[in-house]
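The residues making up each chain are set out below.
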Amino acid sequence: DKVKVGINGYGTIGKRVADAVHQQEDMELIGISKTKPNYEAVMAQRMGYNVYTPSDKTSKMKDGGIKVAGTVEDMVNEADVIVDATPKGVGEKNKELYEKAGVKAIWQGGEDHEVAGFSFNADSNYNEAIGRDYTRVVSCNTTALCRLISNIDREYGVKKCRVTLIRRAADPSDIKKGPINSIVADPVKLPSHHGPDVQSVIPSIDISTMAVKVPNTMMHIHTVNMELKNDCSADDIKNLLAKNPRMHYLEPGITSTSETMELARDLGRPRNDMWENCIWEDSIDFYEGELYLLQAVHQEADVVPENIDAIRAMCELEKDADKSKSKTNKAMGIGT
Ligand code: NAD
């Protein structure tokens, strides 16, 4: 039987996870929730998705021309697992609802680790998610770092990792966030939350991170520096990462996130999504025994396949991490 999935919160992440669930052979999207009858609700309806709404919003949604399938409670009761993609802080408040319904739940990176008590990345700790009731899929930046670090750690051992994150300030559809003309130290004090967040997935990793925010909507960039336990060459690292479909070596001539997003358009990706870590192959190098590299992260996209793998592990649809990742990659077109 297919696992029934409901998506609570249909914004940047929710709409993408909904489409990805819809593409999987072993999952059924029972519906999504919207609080406003806006273009996203209209689009969900056009996609043929059931639109649920908080009970106090039912008449507003109907007045706005949306056919309401039921309340959020109805969706939660019908689902085997809920992907909560509501804004940061809202997900935590929904926990009681999920507990009451006895439904499995996945939160996103805006919530604290403690909300789920377990933080997930498919490349790092898939097996630990098997059969769990609650999981948090870590943020876009943490996801990309966990992928990179666990792949290298498994093969060559990571002794120490230092990362500077240059973060996009807002998503392309976001008209409320800034800055529009500044570079912001965010935070000023060491470490940025990303290092501890990586450790919520891979506790054994020695990592420190600093972050700045730039007036841009297109992707984050990580400058990564690692000391490894075992000797290897830049080519060894290049060959290792090339084996993982969720790592993408940027095509010749690309030196920016703008060109990377143009590439995504040229690839015909839905919503221009680059689900993979976008790595500059030529940046992979050793200096005085330490590994350096540059990667770009499409914040709207990289966590989407991770949500799918989390569902598969939690609902015990697949006990083998590699097999789950392959199914997800194939259904979504990742690594193509
Ligand atoms: P978003 O604001 O784009 O979408 C959230 C959606 O939830 C909106 O459609 C909003 O109307 C709806 N909503 C608000 N309150 C609700 C409620 N009570 N019930 C149901 N729906 C409600 O947010 P987002 O960017 O998709 O972020 C969602 C989560 O994913 C956050 O935890 C965020 O930190 C995390 N995340 C975001 C990104 C990113 O780059 N956008 C990347 C990785 C993780």
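Okay, so let's go over this structure. Note that the structure is predicted; figures quoted are calculated from it, not measured.

### Quick notes on the overall build of the chain
- A count of helices and strands for the chain gives 14 helices and 16 strands.
- In summary, the chain has a C-alpha radius of gyration of 20 Å against a globular reference of 20 Å for 336 residues, a match within 12%.
- Here the C-alpha coordinates of the chain stretch approximately 65 × 45 × 40 Å along the principal axes.
- In the chain, which comprises 336 residues, the share counted as buried stands at 54%.
- Considering only residue pairs separated by 6 or more positions, the chain has 71% of its internal contacts joining residues 24 or more positions apart.
- Just so you have it, the chain exposes about 15,100 Å², and 47% of that area is on carbon and sulfur atoms.

### Concerning a negative patch on the surface
- On the surface, Asp 1, Glu 28, Glu 73, Asp 74, Glu 78 and Asp 80 cluster together into a negatively charged patch.
- Here the element with the most residues in the negative patch is helix 4 (residues 72-78); it accounts for 3 residues.
- With respect to the element layout, Asp 74 can be found in helix 4.

### Thoughts on the site of the ligand
- Around the ligand there are 21 residues in total, and Thr 12, Ile 13, Gly 110, Arg 168 and Asp 171 lie nearest to it.
- In the environment of the ligand, an oxygen atom lies 3.0 Å from a nitrogen or oxygen atom belonging to the backbone of Gly 110.
- Burial of the ligand by the protein amounts to 79% of the accessible area it has alone, namely 830 Å².
- Class assignment of the residues belonging to the shell around the ligand gives a composition of 7 nonpolar, 10 polar and 4 charged.
- The residue makeup of the shell around the ligand includes at least three contributed by each of domain 1 (3-138 + 303-332) and domain 2 (140-297).

### What to know about the packing of aromatic side chains
- Counted under the stated rule, the structure contains 3 aromatic pairs.
- Ring geometry for Trp 107 and Tyr 134: centres 5.5 Å apart, planes at 55°, overall tilted. You can see Trp 107 sitting in strand 6 (residues 104-107) and its partner Tyr 134 sitting in strand 8 (residues 134-137), a full 27 residues away along the chain.
- Accessibility expressed as a relative area gives 19% for Tyr 134, which makes it buried.
- Between Phe 120 and Tyr 126, the ring centres sit 6.3 Å apart and the planes meet at 55°, which makes this aromatic pair tilted.
- A relative accessible area of 0% places Phe 120 in the buried class.
- Judged by its relative accessible area of 2%, Tyr 126 is buried.
- In textbook terms, an aromatic cluster arises when at least three aromatic residues are bridged by ring pairs, as seen for Tyr 98, Trp 107 and Tyr 134.
- Across the ring face of Phe 118, the terminal group of Arg 132 is positioned such that the distance to the ring centre comes to 4.1 Å.

Rules behind the numbers
Residue numbers run consecutively from 1 along every chain, following the written order of its sequence. In keeping with the model being predicted, local features are shown solely for residues with a pLDDT of at least 70 and side-chain atom pairs are shown and tallied solely at 80 or more, while totals for entire chains, interfaces and linings include all residues. The side-chain figures draw on all heavy atoms in the structure; neither hydrogens nor water molecules are used. Where helices and strands are cited, they refer to DSSP runs of H or I of at least four residues and of E of at least two residues respectively, numbered from the N terminus. Restricting the calculation to C-alpha atoms gives the radius of gyration, and the globule rule supplies 2.2 Å times the number of residues raised to the power 0.38. For each residue, the accessible area found with a 1.4 Å probe, counting protein chains only, is set against the maximum for its type, and the residue is called buried under 20%, exposed over 50%, and partly exposed in between. A contact between two residues is defined here by any heavy atoms of the two lying within 4.5 Å. Computed with a 1.4 Å probe, the accessible areas rest on the Shrake-Rupley method; for each residue, only the protein chains presented here act as cover. In this scheme, patches are assembled from residues that exceed 30% relative accessible area and form no salt bridge. Like charges are connected within 9 Å, while nonpolar side chains (Val, Leu, Ile, Met, Phe, Trp, Tyr) are connected within 5 Å. Every case where a carboxyl oxygen of Asp or Glu lies within 4 Å of a side-chain nitrogen of Lys or Arg is listed as a salt bridge. Charge counting treats Lys and Arg as positive and Asp and Glu as negative, with His and both chain ends excluded. By convention, the point assigned to a charge is CZ for Arg, NZ for Lys, CD for Glu and CG for Asp. If a single non-hydrogen atom of a residue is within 4 Å of a molecule or strand, that residue counts as near it. Any N or O atom pair separated by 3.5 Å or less is treated as a polar contact, with the protein-specific requirement of one donor-capable and one acceptor-capable atom, and with residues adjacent in sequence counted only for side-chain atom pairs. All residues other than Ala, Val, Leu, Ile, Met, Phe, Trp, Tyr, Cys, Pro, Asp, Glu, Lys and Arg, Gly among them, are scored as polar; the first ten of these are nonpolar and the last four charged. Domain extents, as shown, originate in an automatic or database domain assignment. A pair of Phe, Tyr and Trp rings is counted when the ring centres sit within 6.5 Å of each other, with Trp represented by its six-membered ring. The angle between the planes then sorts it: under 30 degrees is stacked, over 60 is edge-to-face, the rest tilted. The criterion is that NZ of a Lys, or CZ of an Arg, lies within 6 Å of the ring centre and within 35 degrees of the ring normal, and then a charge sits over that ring.

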